[in-house]
Amino acid sequence: MQTDIDPRNLIGRKAFDRNGTKIGTIDEIYLDDATGVPEWAAIRTGLFSRDAFVPLEPSRLVEGTLHIPFDRSLIKDAPDFGVGRHLSPEQELQLYHHYGLDGAAPPSFPDRDFGKIAGSEET
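In the nomenclature of an unreviewed UniProt entry, the protein chain corresponds to PRC-barrel domain-containing protein from the organism Streptomyces hintoniae.

Below, the structure is given as structure tokens:
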């Protein structure tokens, strides 16, 4: 996904699946906690239906519409976490697995000795 696009400008745009079938309208955009880069879009799939989360990468913005490289049925079957809330790392991982994307957990930093523990005395 182009990273120079203001995520607020995506809200309200139409979304289409890999076959050009309309899925719905972009309801919300979710940013990566660490980078602030738009990572997920919640697509309102109908008047009385829930939102479906879709990855913005590898999706493409084409002539003002979001084109998602997955079938509509896969998108509609995505895990439902509700909108308006923060996505946890575990929820993101479930979404990555659902779409068959490499959603490996971020690397953990090795434990390091940063010095003495407060209140401890070395002898």
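From this point, the narrative continues.
**With respect to the pattern of salt bridges**
Under the counting rule described, the total for this entry stands at three salt bridges. Salt-bridge contacts for Asp27 lead to Arg44; the nearest nitrogen and oxygen are separated by 3.6 Å. Of this pair, Asp27 sits in strand E2 (residues 22-31) while Arg44 sits in strand E3 (residues 38-44), and the two are 17 residues apart along the sequence. A salt bridge links Asp51 to Arg44; the nearest nitrogen and oxygen atoms lie 2.8 Å apart. When its relative accessible area of 4% is taken as the criterion, Asp51 is described as buried.

**Thoughts on the sheet that holds strand E4 (residues 51-55)**
The strand order across the open sheet formed by six strands is E4-E3-E2-E1-E6-E5, and the pairing between neighbours is mixed. Looking along the sheet, the strands with just one partner apiece sit at the ends: E4 and strand E5 (60-62). Put simply, the sheet's adjacent strands are angled 40° from each other on average, direction ignored. Across three bridges, strand E1 (residues 14-16) lies against E2 in antiparallel orientation. Residue pairing for E2: Ala15 is matched across the bridge by Gly24. Relative to E3, helix H2 (residues 89-98) is tilted by about 75°, and along the sheet it contacts E3 and E4.

**Considerations on the packing of aromatic side chains**
Counting across every chain of the model gives four aromatic pairs. With a centroid separation of 4.8 Å and 50° between ring planes, the pair formed by Phe70 and Tyr99 is classed as tilted. In this pair, Phe70 sits in the loop between strand E6 (65-67) and helix H1 (72-76) while Tyr99 sits in the segment after H2, placing the two residues 29 residues apart along the sequence. Each member of the pair, Phe70 as well as Tyr99, carries the same accessibility label: buried. Through pairs of rings, three or more aromatic residues link up here, namely Tyr30, Phe53 and Phe81.

Rules used in this analysis
Residues numbered from 1 in each chain as written. Predicted model: local features only at pLDDT ≥ 70, side-chain atom pairs only at ≥ 80, totals over all residues. Heavy atoms only, no water. Salt bridge = Lys/Arg side-chain N within 4 Å of Asp/Glu carboxyl O. Helix = DSSP H or I, 4+ residues; strand = E, 2+ residues; numbered from the N terminus. Buried < 20%, exposed > 50% of the residue type's maximum accessible area, 1.4 Å probe, protein only. Pairing = 2+ DSSP bridges. Axes fitted to C-alpha atoms, helices over the stretch in contact; angles between N-to-C directions. Contact = heavy atoms within 4.5 Å. Phe/Tyr/Trp six-rings, centres within 6.5 Å; stacked < 30°, edge-to-face > 60°.

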